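A closer look at the structure
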Amino acid sequence: LIKGILGTRSAGMFSLPTIFDGDPWLVDVLRGRPAKYDETTGARIEARLPGMWERLLPLSEATAIVEDGIMAGAGVGYMDDDPLPGGWRRARRLDLHWLSYRHHEDAWYYQDARRGALRVTPGDGRWLLFTPYGRHRPWSRGAWYPCAGPFISKAGAAVDRNRWQKFLADGLRYIEMGDDASEIHRDDMVAFVRDAWTYAPGAVMPKGYVPKIVEAQGKGYEVYSETESRADVEIMVALAGQVTTTEGGKGFSSGDVWRDIALSLIQTTATSASEWI
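About the thresholds
- All residue numbers refer to position in the chain's written sequence, counted from 1.
- The model is predicted, so local features are restricted to residues of pLDDT at least 70 and side-chain atom pairs to those at 80 or more, both for listing and for counting; the totals for chains, interfaces and linings are taken over all residues.
- Heavy atoms throughout the structure, all of them, feed into the side-chain values; hydrogens and water do not.
- Orientation is described by axes fitted as lines to C-alpha atoms, over the contacting stretch for helices, and by angles from 0 to 180 degrees between their N-to-C directions.
- Starting at the N terminus, helices and strands are each numbered in turn, a helix being any DSSP run of H or I of at least four residues and a strand any DSSP run of E of at least two.
- In this scheme, a crossing is called left-handed if the near helix is turned counterclockwise away from the far one by less than a right angle; it is called right-handed if the turn is clockwise.
- Note on definitions: a residue-residue contact is assigned when non-hydrogen atoms from the two residues lie within 4.5 Å.
- Classes in brief: Ala, Val, Leu, Ile, Met, Phe, Trp, Tyr, Cys and Pro nonpolar; Asp, Glu, Lys and Arg charged; the others, Gly included, polar.
- Here, a strand pair is defined by DSSP locating no fewer than two bridges between the strands.

Take the packing of helix α1 (residues 2-9) against helix α5 (residues 59-72) next. Closest axis-to-axis distance for the α1/α5 pair is 10 Å, and the angle between their directions is 115 degrees. The interaxial crossing formed by α1 with α5 has right-handed handedness. When α1 is examined against α5, the residues I2, K3, L6, G7 and R9 are found in contact with a partner set consisting of E67, I70 and M71. Taken together, the residues of the contact of α1 with α5 sort by class into 4 nonpolar, 1 polar and 3 charged.

Overall, antiparallel pairing links the 3 strands, which are arranged β5-β6-β7 in an open sheet. Looking along the sheet, the strands with just one partner apiece sit at the ends: β5 (99-102) and β7 (116-120). The average angle at which neighbouring strand axes cross in this sheet is 35 degrees, direction not considered. Sheet analysis places β5 next to strand β6 (residues 107-112), joined by 4 bridges and oriented antiparallel. Within β6, the position partnered with R102 by the bridge is A107.

The next point concerns the environment of M13. When you line up the elements, M13 lands in helix α2 (residues 11-14). Separated by 250 residues in the primary sequence, M13 and L263 have C-alpha atoms spaced 9.8 Å apart. Those residues in contact with M13, other than ones at most four positions away along the chain, are T8, I266, T269, A270 and A273.

Purely geometric stuff here, so don't read any function into it on its own.
Structure (structure tokens):
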């Protein structure tokens, strides 16, 4: 559920048309342009100019950094040297586990495996730091916090529901022994009920034995299902702003309000990403 909604806000956002603004030459370099040919002779007038945008910021890396920013409040990346001919630099998403903030310096640091603690300096041509909720304590506004409780509740409820299904969803199979039953059959009957009766299509009991099944009448599983459903709603509200954007509902198809909310949410993320990039 979290992955699906995040995909709408990150990968879905990057799949929309990208608008380039600024110096025309630089726009052409970033966006690229197809080759031009003379309609009469077929001679090439202008060579094809490959776009540097996707080469500088691969979709997979950009999506991962934006999703980190949405969930954790901060996403970090680094511009590696591009080894391909004609390349300049290429973005790489870094694991948030090694990112830290030093309050006394008002600075971010990244713990590199080889070089130790490196100061993160956004805008220096190397470091990428995406903070969609602002620069002051961005982690406190990340979606991780409102999603954490529902995530734990849903995971626990799923385990409990599976446990309930394992022990109570199937009827309790037992054999009632009458007065004329012989004790010499008891051990065999117990082994049969435990090991074979669950899968046996039928059985002929010795005299004095009556097979029965007791179905569970309780609905304890409902509390686990309700817990999971409530967790879904809370996660939707945390990531999508409200439920209807994700689930649909009355007025969703006939009105534009929920669509506008969804678009405004994606646009807010896109604006933050544009400023960061």
